[in-house]
Amino acid sequence: MTETTTLTVRTGSGEQTRAEARQRVQALEDGDPVPPRHVLVLADEDDLQRLLSPANLALLRAIRRHEPASMRAAAELVDRDFKEVHRNLTELEQLNVIEFEEAGRAKRPVVRFDEIDIEVSLTEPETDTVSA
């Protein structure tokens with residue numbers, strides 16, 4: 001059975017992630033086993049909303065399942081205009097959710113995770129002020 005690779009996505013300052021990293025370093029120094037953990041901290045909830053758009057999720061799923069050889073092949077997988085898919089892929093790369101591998105003149109989009117867990121704190125201060 002293949003192990004699932006999970007990306008944990010959080011919004012906010014990243015303080016929790018830094019504290020966890022310090023604990024993991026201490027565990028390693030103590031010789032304790034530390035399983036791999038992949039955490040992405042997004043600066044604000046607008047980035048989270050962009051990540052979770054239906055178009056981006058469909059694109060991420062198609063790339064993970066079919067491993068297209070290029071951005072154009074990814075656009076064909078989701079049956080969308082190349083320019084739109086290019087924009088979405090660039091956005092996902094900026095959010096650090098996908099990577100591009102150069103393959104000749106083509107850029108091959110790569111998703112290294114099998115699932116995404118979202119953590120949103122309801123007790124931490126908001127990153128943006130919302131007026132009611």
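What comes next is a walk through the structure. (Residues numbered from 1 in each chain as written. Predicted model: local features only at pLDDT ≥ 70, side-chain atom pairs only at ≥ 80, totals over all residues. Heavy atoms only, no water.)

1. Examining the pairing of strand β1 (residues 6-11)
Most of β1 sits out of view: five of its six residues are buried. One ladder, built from five bridges, connects β1 with strand β5 (residues 115-119); its direction is parallel. The residue of β5 that forms the bridge with Arg-10 is Glu-119. (Buried < 20%, exposed > 50% of the residue type's maximum accessible area, 1.4 Å probe, protein only. Helix = DSSP H or I, 4+ residues; strand = E, 2+ residues; numbered from the N terminus. Pairing = 2+ DSSP bridges.)

2. Quick notes on the sheet that holds β1
Taken in spatial order, the three strands make up an open sheet running β2-β1-β5, and their pairing is parallel. Edge positions in the sheet fall to β2 (38-42) and β5, since each of these pairs with one other strand and no more. The mean angle between the axes of side-by-side strands here comes to 25 degrees, regardless of whether they run parallel or antiparallel. For β1 and β2, the ladder comprises five bridges, and the chain directions are parallel. Following the sheet pairing, Leu-7 is matched in β2 by His-38. (Axes fitted to C-alpha atoms, helices over the stretch in contact; angles between N-to-C directions.)

3. Quick notes on the nonpolar core
Formed by 23 residues in total, the largest nonpolar core has its most connected members in Val-9, Leu-51, Leu-59, Leu-60, Leu-89 and Ile-98. The element that contributes the greatest number of residues to this core is helix α3 (residues 54-66), accounting for four residues. Aside from chain neighbours lying at most four places away, what touches Leu-51 is Val-9, Asn-56, Leu-57, Leu-60, Leu-92, Leu-95 and Val-97. (Core = buried A, V, L, I, M, F, W, Y, C linked by side-chain atoms within 4.5 Å. Contact = heavy atoms within 4.5 Å.)

4. Thoughts on the pattern of salt bridges
Across all of its chains, the model carries eight salt bridges by this definition. Salt-bridge contacts for Glu-84 lead to Arg-80; the nearest nitrogen and oxygen are separated by 3.7 Å. Residue Glu-84 is classed as partly exposed on the basis of its relative accessible area, which comes to 38%. Taken together, the salt bridges that share partners define one network made up of Glu-99, Glu-101, Arg-108 and Arg-112. (Salt bridge = Lys/Arg side-chain N within 4 Å of Asp/Glu carboxyl O.)

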